[in-house]
Amino acid sequence: MHDSDTSFSASKRIFCTEDAVRIAGQRQPKVIFDFIEGASGREVAATRNQSRFDEITLQQRVMENVDRRNLSKTFLGQKYNLPFGIAPMGMCNLAWPDTDSALAQAATNYNIPICLSSAASSTIKEMRDWAGENAWFQLYVGGSMELSLELVERARTEGYKTLVLTVDVPQVSRRLRDLRNGFTMPFRLGPRLLWDFATHPRWSLTSIWHGAPSPKNFKLGKNGTHFDRNASRAGANWNFLEKLRASWTGNLVIKGVTSARDAIRIKQAGADAIYVSNHGGRQLDSAPAAIDALPKIRNAVGADYPLLFDSGVRNGEDIVKALAMGADFVMIGRPMLFAMGADGAKGLNSLIKIFAEDTSLTLAQTGLNDITAVSPDILSNNTSAVEQLQQPLLKTATS
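Residues numbered from 1 in each chain as written. Predicted model: local features only at pLDDT ≥ 70, side-chain atom pairs only at ≥ 80, totals over all residues. Heavy atoms only, no water.

### Description of the pattern of salt bridges
Counted by the stated rule, this structure contains 14 salt bridges. Lys30 is the partner of Asp34 in a salt bridge, and the nearest nitrogen-oxygen pair spans 2.7 Å. Placement of the pair is Asp34 and Lys30 together in helix H2 (residues 30-37), with a separation of four residues, close to one helical turn. Here Arg128 ties to Glu133 by a salt bridge, and the two come within 3.0 Å at their closest N and O atoms. Each of Lys30, Asp34, Glu37, Glu43 and Arg177 takes part in one network of salt bridges that share partners. (Salt bridge = Lys/Arg side-chain N within 4 Å of Asp/Glu carboxyl O. Helix = DSSP H or I, 4+ residues; strand = E, 2+ residues; numbered from the N terminus.)

### Considering the pairing of strand S6 (residues 162-166)
Of all five residues in S6, five are buried; the element is thus mostly enclosed. Side-chain alternation along S6 places Thr162, Val164 and Thr166 on one buried face and Leu163 and Leu165 on a second face that is also buried. Note that strand S5 (residues 135-139) and S6 share three bridges and pair parallel. Within the sheet, the bridge partner assigned to Gln138 lies in S6 and is Val164. (Buried < 20%, exposed > 50% of the residue type's maximum accessible area, 1.4 Å probe, protein only. Pairing = 2+ DSSP bridges.)

### Considerations on the packing of aromatic side chains
Any pair of aromatic rings gets described here by the distance separating the centres and the angle formed by the planes. Scanning the model with the defined rule gives nine aromatic pairs in all. Ring centres of Phe84 and Phe355 lie 5.9 Å apart, and the angle between their planes is 50°; on these two criteria the pair is classed as tilted. Remark: Phe355 occurs in helix H15 (residues 334-365) and Phe84 occurs in strand S3 (residues 84-86); sequence separation between them is 271 residues. Accessibility assignment for this pair places Phe84 and Phe355 in one class, buried. For the ring pair Phe197 and Trp203, a centre distance of 5.2 Å and an interplane angle of 35° mean the geometry is tilted. Residues Phe197 and Trp203 agree in their burial class; the two are buried. Taken together, the ring pairs connect Phe75, Tyr80, Trp136 and Phe329 into an aromatic cluster. Sitting over the ring of Tyr275, Lys255 keeps its end group 5.1 Å from the ring centre. (Phe/Tyr/Trp six-rings, centres within 6.5 Å; stacked < 30°, edge-to-face > 60°. Lys NZ or Arg CZ within 6 Å of the ring centre and 35° of its normal.)

### Quick notes on a positive patch on the surface
Taken together, Lys12, Arg13, Arg202 and Lys346 make up a surface patch of like positive charges. Within the element layout of this structure, Arg13 appears in the segment before helix H1 (17-27). (Patch = residues over 30% accessible without salt bridge, like charges linked within 9 Å, V, L, I, M, F, W, Y side chains within 5 Å. Areas by Shrake-Rupley, 256 points an atom, 1.4 Å probe, with all protein chains shown as cover. Lys, Arg positive; Asp, Glu negative; His and termini not counted. Charge placed at Lys NZ, Arg CZ, Asp CG, Glu CD.)

### Describing helix H4 (residues 99-110)
The first and last C-alpha atoms of H4 sit 16 Å apart over twelve residues, in line with the 16 Å expected at 1.5 Å per residue. Counting buried residues in H4 gives nine out of twelve residues, a clear majority hidden from the surface. Considered for burial, the residues of H4 that qualify are Thr99, Asp100, Ala102, Leu103, Ala104, Ala106, Ala107, Asn109 and Tyr110. Those residues of H4 hidden inside the fold are in contact with S3, strand S4 (114-116), helix H5 (124-131) and H15. With its phi angle positive at about 55°, Asn111 sits one or two positions after the end of H4. (Expected span 1.5 Å × (residues − 1). Contact = heavy atoms within 4.5 Å.)

### Some words on the side chain of Gln28
By the element assignment, Gln28 lies in the loop between H1 and H2. By relative accessible area, which is 0% here, Gln28 ends up buried. Residues in contact with Gln28, not counting those within four places in the same chain, are Phe33, Ile36, Ala95, His200, Trp203, Leu337 and Gly341.

### What about the pairing of strand S8 (residues 273-276)?
Along a regular strand, successive side chains alternate from one face of the sheet to the other. In S8, alternate side chains face the same way, and those of Ala273 and Tyr275 on one face and Ile274 and Val276 on the other are all buried. Of the strand pairs in this sheet, strand S7 (residues 251-257) and S8 are connected by four bridges, and their pairing is parallel. By the bridge assignment for S8, Lys255 is matched with Tyr275. This β-α-β element, S7 to helix H12 (residues 260-268) to S8, shows right-handed connectivity. Two elements, S8 and strand S9 (residues 307-309), share three bridges in a ladder whose sense is parallel. Its bridge partner being in S9, Ile274 is matched across the sheet by Leu307. (Right-handed = clockwise from strand over helix to strand, strands pointing away.)

In structure tokens form, the structure reads like this:
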């Protein structure tokens, strides 16, 4: 990678996730910014996700040889240059036009995975064409089982190797910001929304030029089914998992798990990995912080079972903390969209570089020179978490 390459051009205004959030809030219409940042209920879970990271401290070590540091990580048989990837997110092109293609370009430039959502504003084929082997596909199981299986078949046909089944959205929760703003897809233009768009002309004019985004994969259904954001997605049940495992020969990841009991059952069902997440606080406002669930699930499934993690990660130190708490790989969601909203592809490049640099610097401060050496040993104040990670498998998890 060379900074002179325009593919890696960086923003001069973004130095952390908080910068991206602040600038995106200025450039995006309120209805869009709130759709991205908002969460369920009083947004306690989303706040808790981040505040719990702040309470985790790392033990600094000194006088170790950390001049050279390696951030590459292998997950599910594929080697990536960084220990984090891009989480599945619906309707990314709302953040800024062509966000999906920019995310795909970043995934290939930095050799990290990108997971396309069922509710994406680009098609399964487009993402595979853009990101190649770095592309994963995330599946929602809605009211139409036929359409859900058709999406799986499309992913198989396009050559996807990793399928991520999201199971924590049996029904979309009430997100008060969206309700207050009148957020719907497609947009229903009233005076307030028109004013919101008019007072953010750069986003609005650019979006008009590129065309209004829509959930492309659902409109391609054989039966003409259109995406209903509020439809039940409870079809992702244990019976469906059994059928999906029998038919999908690639990597199968189950996303949205915070229960150790569920984790053990998922492992026994033959899933290749579990994705520990509380959906960024967008589903159950009383959910535990995902980072608190992580060591319990690590303990339940054993040391060698692959675990992904997201929810609340906002910098490189958070990535290292998640790895120390039991994750094998970390996925980043909202910050990527804030970066795009703040400064397009340049903002995205900047934030990925910042995450990578902060992760590397955290390794150095904790006396490590390889990301694979991160362990609970670097946690300084988290006795309960360390005990959970070091004790035998939970007996209660199988009861």
